[in-house]
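A structural walkthrough
One-letter residues, chain by chain:
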Amino acid sequence: MARRSAGILVHRNGDNGPEVLLGHMGGPFWANKDEAAWSIPKGEHTEDEPPEAAARREFLEELGLPAPEGELVSLGEARQSAKVVAVWALSGSVDLERVVPGTFQLEWPPRSGKFAEFPELDRVAWFDLETAAVKLVKGQRVFLERLAAHLS
């Protein structure tokens, strides 16, 4: 059975149209990458956890803040490598100055027996949809298209 992940794509009206909140993935693999190195705040969940609840929990874990209040609008699911990712759109705002990312442990350097702690997301930012399409990992770009269709 495929692993399951759930996330929330927060969006707002910017000066030049819709903007979305993305996080740059933390850890040494992503440190020097920018294009296709950003993600919708999301994470894995078990079959017995409702996906919407998992999406809210993961948002809190990854950003250190609860998701904005408001109605979640399903953007459906998409396969991203070995996972099935479900994403919900949420209109709202997030104060980037208040973000305190969660962390994870990773053996680093590989096969060294030493473990280091890295942020889940090392930075977050708002992007217009065109820029977000370049920044976002390929498997999640479909959610930008679905959001654009929902907003039109």
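Residues numbered from 1 in each chain as written. Predicted model: local features only at pLDDT ≥ 70, side-chain atom pairs only at ≥ 80, totals over all residues. Heavy atoms only, no water.

The terminal C-alpha atoms of helix α1 (residues 51-63), which comprises 13 residues, lie 18 Å apart, in line with the 18 Å expected from a rise of 1.5 Å per residue. Of all the residues in α1, the buried ones are A54, A55, E58, F59, E62 and L63. Taken end-on, α1 shows its buried residues confined to a sector of 140°, consistent with a single buried face. A positive phi of about 75° marks G64, the residue just after α1. (Helix = DSSP H or I, 4+ residues; strand = E, 2+ residues; numbered from the N terminus. Expected span 1.5 Å × (residues − 1). Buried < 20%, exposed > 50% of the residue type's maximum accessible area, 1.4 Å probe, protein only. Arc of directions from axis to C-beta.)

Side-chain pairing between opposite charges can occur once the charged atoms of the two side chains come close. Throughout the structure, instances matching the rule amount to 10 salt bridges. The partner of E44 in a salt bridge is K83, with the nearest N and O atoms 3.7 Å apart. One end of the pair, E44, is in strand β4 (residues 42-45); the other, K83, is in strand β6 (residues 83-91), with 39 residues separating them in the sequence. Overall, K83 belongs to the buried group, its relative accessible area being 17%. The shortest N-O distance in the salt bridge between D122 and R123 comes to 3.2 Å. What makes D122 partly exposed here is its relative accessible area of 33%. (Salt bridge = Lys/Arg side-chain N within 4 Å of Asp/Glu carboxyl O.)

This part takes up the packing of aromatic side chains. Here the structure, examined in full by the defined rule, presents 3 aromatic pairs. Judged by centre distance (4.8 Å) and plane angle (90°), the ring pair of F29 and W30 falls under edge-to-face. Given a relative accessible area of 52%, F29 falls into the exposed group. A residue is classified by how much of its surface remains accessible, and W30, at 21% relative accessible area, is partly exposed. For the pair F104 and F118, a centre-to-centre distance of 6.0 Å together with 35° between the ring planes defines the contact as tilted. Residue F104 is located in strand β7 (residues 103-107), and its partner F118 is located in strand β8 (residues 115-119); the two are separated by 14 residues in the primary sequence. Looking at F104, the relative accessible area reads 26%, which means it is partly exposed. For R12, the ring lying beneath its charged end belongs to W126, and the centroid distance is 4.0 Å. Geometry around F29 places K33 over its ring, the cationic atom sitting 4.2 Å from the centre. (Phe/Tyr/Trp six-rings, centres within 6.5 Å; stacked < 30°, edge-to-face > 60°. Lys NZ or Arg CZ within 6 Å of the ring centre and 35° of its normal.)

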